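# Analysis of the macromolecular model
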Amino acid sequence: MLMSAAALALNLFQQPSYTVPPFYQDRSQMFGLKEGLPDERVYALAIMGETLWAGTGKGLARASLNNLAQGGSWQVVLNQPIRLLAIDSAVGATSQSPLLYAADERNLWQVSPEGKAQKVFEAEMPLIQVLPAREGGLWLLSESTLLRWEGAVRARYAPPEARRFRWLMEDTRGRLFAFAEGELERALYRLVAPSSAGEPDKPIWQKVGIKDNRGRYYDDLWLCGISDSIGHLWIGARSGLILGDGEGWWLSREAVIASASTVSPTAELVPPYGNIHCLAFAPNGDLWAGTPEGACRLRDGKWSYFWGRRWLPDNHINAIVIDAQNRAWIATNKGIACIESVRMTLREKAAHYEQLIALRHNRNGFVTSCDWDDPNDPDSWKIEASDNDGLWTALYCAAQCFQYATTKEASARERARRSMRALLDLERLTGIPGFPARSIIRKDETRYHQSTGEWHESPIDPHYIWKGDTSSDELDGHYFIWAIYYDLVADEAEKEAIRGVVRRVTDHLMQNNWRLIDKDGKPTRWAIFNPESLNDDPLWEEERGLNALSILSHLKVAYHITGDPKYQQAYEALIKKHHYLLNAITQKMLPPYTVNHSDDQLAFLCYYPLLLYEKHPEYRRLWLMSLERSWQIERAERSPLFNFIYGAVTGKPCDVEAAVRTLQEWPLDQRNWECRNSHRFDITLDASTGRFGEAQSVEVLPYSERTLMRWNGNPYRLDGGDPLGRREEDGVAFLLPYWMGRYHRLIVE
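Here's what I pulled together on the structure shown here. One numbering rule holds for all chains: residues counted from 1, following each sequence as written. Only residues with pLDDT of at least 70 get local features here, since the model is predicted, and only at 80 or more are side-chain atom pairs given and counted; chain-wide, interface and lining totals rely on the full set of residues. Excluding hydrogens and water, the side-chain figures rest on all heavy atoms present in the structure.

### What to know about the nonpolar core
With 122 residues, the main nonpolar core has Phe402, Ile481, Trp482, Tyr485, Tyr608 and Trp623 as its most contacted residues. Secondary structure is summarised from DSSP: a helix means a run of H or I of at least four residues, a strand means a run of E of at least two, and numbering begins at the N terminus for each. A per-element tally of this core places helix 5 (residues 389–407) first, with 12 residues. What Trp623 contacts, discounting residues up to four positions off in sequence, is Leu549, Leu552, Tyr571, Leu581, Ala584, Leu610, Leu611 and Glu614. Here the nonpolar core consists of buried residues drawn from Ala, Val, Leu, Ile, Met, Phe, Trp, Tyr and Cys, with membership extended through side-chain atoms lying within 4.5 Å. Summary of the burial criterion: residues with accessible area below 20% of their type's maximum are buried, those above 50% are exposed, and those between are partly exposed, where the area comes from a 1.4 Å probe applied to protein chains only. In terms of nonpolar packing, the next biggest core, distinct from the first, is built from 19 residues, Ile226, Ala258, Ile276 and Ala289 among them. Any pair of residues with heavy atoms lying within 4.5 Å of one another is described as a contacting pair.

Here's what the structure looks like:
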């Protein structure tokens, strides 16, 4: 009797499990006109107690932080354009509690906690900054004057000679710094004396120079600054981030550091982008930076980048404030985003994707992406009857099989069964024994859109049409899931059904010279496995290794499921007479050939059952040469699917921590929002482009910062996606490796 795949997988190799602790998952919530903001363009934010205040181009609005988190709305309290906000937290003679101040170009209002506004001051010149003074009151900055105001003007300071003020900061030591610009020079100045003798309006400003050549900065266009509790200055600049002690000792984390470094730019902690014009510290130690190209966060010595509609209503950041729960509230030109990190387990994340699939990704058992006709209408989605319904549904079904085998949850088994029935119908409804369709459509369906290609009436059931020209990709998915479902889920009746379809498809290939023959009697475009093509036709040179691997894997699955020795004999014949196993060792093609990431997924789907079932040491030695070469090439991608397949069939360490990191980074939001990274300071651009001419990085970026993909995509791609987010992926790229890793005990929770 043949040993089941469950016993093979778990008894052949066993390595220590990696316990995955809960982690912090980033997610975003957005607010705009629909939620009650008076204007999309939000210039300033302030938090006072449990209230968030927003200064916009058409008024001042407030909202409860807790209510906003629950989907609450905004209340407009002042119908004046507000560009600046500040909170005077000092308790003094004029106030016993914090006071909110709001300003437009010249007018300053004091706003009560209830939202009542009273004009308290009018400036002579347009105000460019308002910030609280440590001793109470406010600093009011214009290009030509700095005022200390506390109910009235208490002090007035001119800028350094022949200079204009640009911005101001008071650090936690009480030192006052001003960045000023002249005709030929920009510099940071410190106020060392309120005024010179006999000239009260002419203070003494001292330029903060450079004390050490190793600790210098490279670009003097500085845009903002804040101070930490130690007294270090953190300065946002055109070129990145600059740290200093306020006395002339500097540390540059600018773009030039990244370009000159002999290590990765990320190791140098250069921020993802420059032109940083707002900075904010969080209670947990996070540093947030706002730029014209998104927001950046420094946490635990690592930068994260938030760009595009996955995170922000607009990429131009105007202000950032952080609440007591470490949530970042980000003002943009098209509304406000709240980015928070919530404690979550991978299991909880898997449940999120299952809910998404149940909501709008399951078409009669077929699971794939969905599309919106109108991206602003949440209910306008449709599921594509696509070229690869068999492959994508097979991967989803496999995830459910692994979940059932791990948890014994009946709901997972039922989801797997529903998808397996759909997959079996792909072959049944064509009326061609052994020929599975790419997709089928029931004629009374409504929530679908039909992909282009050749469609036929089903001779078996007149209520269906089916799509032909089935590819090798589809067959790879079918054999992968037939093996897994047969071993982990199927009852006796289902096993008999699977044995039948495996026989028919494999016999079809064998009887037609290792080709899939379509309704018109001709081979399909891609399902070609015969020696004449793979070994002798130059047009098939790039597919030689992969297609050899595929057909040998399919034969090994057929032998395992049916027990018919003819499939093992055919397997050995292709190896001995046509050197298919030698072909497969170098199946991963490298330059000067095209690097095809889609083939990587197909190869690993074939490696999985093949190496679970192949026990002959001579064959296995060569197969492990093939797998080892492939995985070492793919290893840098941190794919949990590839890593876990490698670990499951070899018992070797498989970079589990790197795979878990990818699962943690996978976005909760599965819409294919546009992502752009090619402009970043902290990447190394690959001199070569991808298969479709796309710009690539040398290292894989965090998956939370790049466009969505399945494991057939290019993980080095820098830019992509849709500004309108008209497609939503199904989350199976997370679910399959997660449950595979759980089943093989590579990870535990």
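### Points about unusual backbone geometry
For the peptide bond that leads from Pro591 to Pro592, omega is 15°, which places it in the cis range. Among the secondary structure elements, Pro592 is positioned in the loop between helix 12 (580–585) and helix 13 (597–613). Located in the positive-phi region is Asp300, a residue other than glycine, with phi close to 55°. Secondary-structure assignment places Asp300 in the loop between strand 25 (294–299) and strand 26 (302–306). Of the residues examined, Asp300 reaches a relative accessible area of 78% and is grouped as exposed.

### Thoughts on the pairing of strand 39 (residues 523–528)
Pairing between strand 38 (residues 515–517) and strand 39: two bridges, direction antiparallel. Within strand 39, the residue paired with Arg515 across the bridge is Ile528. Note on pairing: two strands pair once DSSP finds at least 2 bridges between them. Where strand 38 hands over to strand 39, the hairpin turn is made up of five residues, of which Gly521 adopts a positive phi near 80°.

### Some remarks on the packing of helix 15 (residues 640–650) against helix 16 (residues 656–665)
Throughout, an axis means a line fitted to C-alpha atoms (over the contacting stretch in the case of helices), and angles, computed between N-to-C directions, take values from 0 to 180 degrees. For the pair helix 15 and helix 16, interaxial distance at closest approach is 9 Å and the crossing angle is 150°. In terms of axis orientation, helix 15 runs roughly antiparallel to helix 16. Relative to helix 16, helix 15 is oriented so that their crossing is left-handed. For the pair formed by helix 15 and helix 16, the contact residues are Pro640, Asn643 and Phe644 on the first element and Val656, Ala659, Thr662 and Leu663 on the second. Note on angle classes: values under 35 degrees are labelled roughly parallel, values over 145 roughly antiparallel, values of 65 to 115 roughly perpendicular, and the remainder oblique. By the definition used in this description, the sense in which the near helix is turned from the far one sets the handedness, with an anticlockwise turn below a right angle giving left-handed and a clockwise turn giving right-handed.

### Observations concerning the layout of surface pockets
If you add up the space inside the second largest pocket, you get close to 1,300 Å³. Lining the second largest pocket are 34 residues, with Met30, Lys34, Arg309, Arg671 and Trp673 sitting closest to its centre. If you list the elements that add at least two residues to the lining of the second largest pocket, you get strand 2 (23–31), strand 29 (335–344) and helix 4 (346–360). Broken down by element, the lining of the second largest pocket gets its largest block of residues, six residues, from strand 2. Residues are sorted three ways: Asp, Glu, Lys and Arg are charged, Ala, Val, Leu, Ile, Met, Phe, Trp, Tyr, Cys and Pro are nonpolar, and all the rest, Gly among them, are polar. Partitioning the lining of the second largest pocket into residue classes produces 14 nonpolar, six polar and 14 charged. Cavity means a closed set of points on a 1 Å grid over the protein atoms alone, one where a 1.4 Å probe fits but cannot get out, pocket means an open set with protein on both sides within 12 Å along at least 5 of 7 lines, and lining means a residue has an atom within 4 Å of a point. Grid points are joined across faces, edges and corners, and a volume is the space filled by probe spheres set on the points.

### Comments concerning the sheet that holds strand 7 (residues 84–88)
The sheet built from four strands is open, its strands ordered 7-8-9-10 with antiparallel pairing. Of all strands in the sheet, those with a lone pairing partner are strand 7 and strand 10 (117–122), marking the two edges. Direction aside, neighbouring strands of the sheet carry axes that sit 25° apart on average. As paired strands, strand 8 (residues 99–103) and strand 9 (residues 107–111) are joined by four bridges and run antiparallel to one another.

### Some words on the sheet that holds strand 32 (residues 370–372)
Taken together, four strands build an open sheet; the order of strands is 35-33-32-40 and the sheet is mixed. Pairing within the sheet leaves two strands with one partner each, and these edge strands are strand 35 (448–450) and strand 40 (727–728). With two bridges joining them, strand 32 and strand 40 adopt antiparallel strand pairing. Its bridge partner lying in strand 40, Asp371 is registered against Arg727. Against the sheet, helix 4 engages strand 32, strand 33 (381–385) and strand 40, with an angle of about 90° to strand 33.

### Here's the deal with the environment of His616
By the secondary structure assignment, His616 is in the loop between helix 13 and helix 14 (617–634). Linking His616 and His478, residues 138 residues apart in sequence, is a C-alpha distance of 25 Å.

### Looking at the packing of helix 5 against helix 6 (residues 410–428)
For the pair helix 5 and helix 6, the least separation of the axes is 8 Å and the interaxial angle reads 150°. In this view, helix 5 runs roughly antiparallel relative to helix 6, as classed from their interaxial angle. As helix 5 packs across helix 6, the resulting crossing turns out to be left-handed. Judged by residue contacts, Gly390, Thr393, Ala394, Tyr396, Cys397, Gln400, Cys401, Gln403 and Tyr404 of helix 5 engage Ala412, Arg413, Arg415, Ala416, Ser419, Met420, Leu423 and Leu426 from helix 6. Residue classes in the contact of helix 5 with helix 6 are distributed as 10 nonpolar, five polar and two charged.

### Here we look at the pairing of strand 22 (residues 250–254)
Across the five residues that make up strand 22, a large majority, four, are buried. As defined by bridge partners, strand 21 (residues 240–244) adjoins strand 22 across five bridges and the pair is classed as antiparallel. Within strand 22, the residue paired with Leu241 across the bridge is Arg253.

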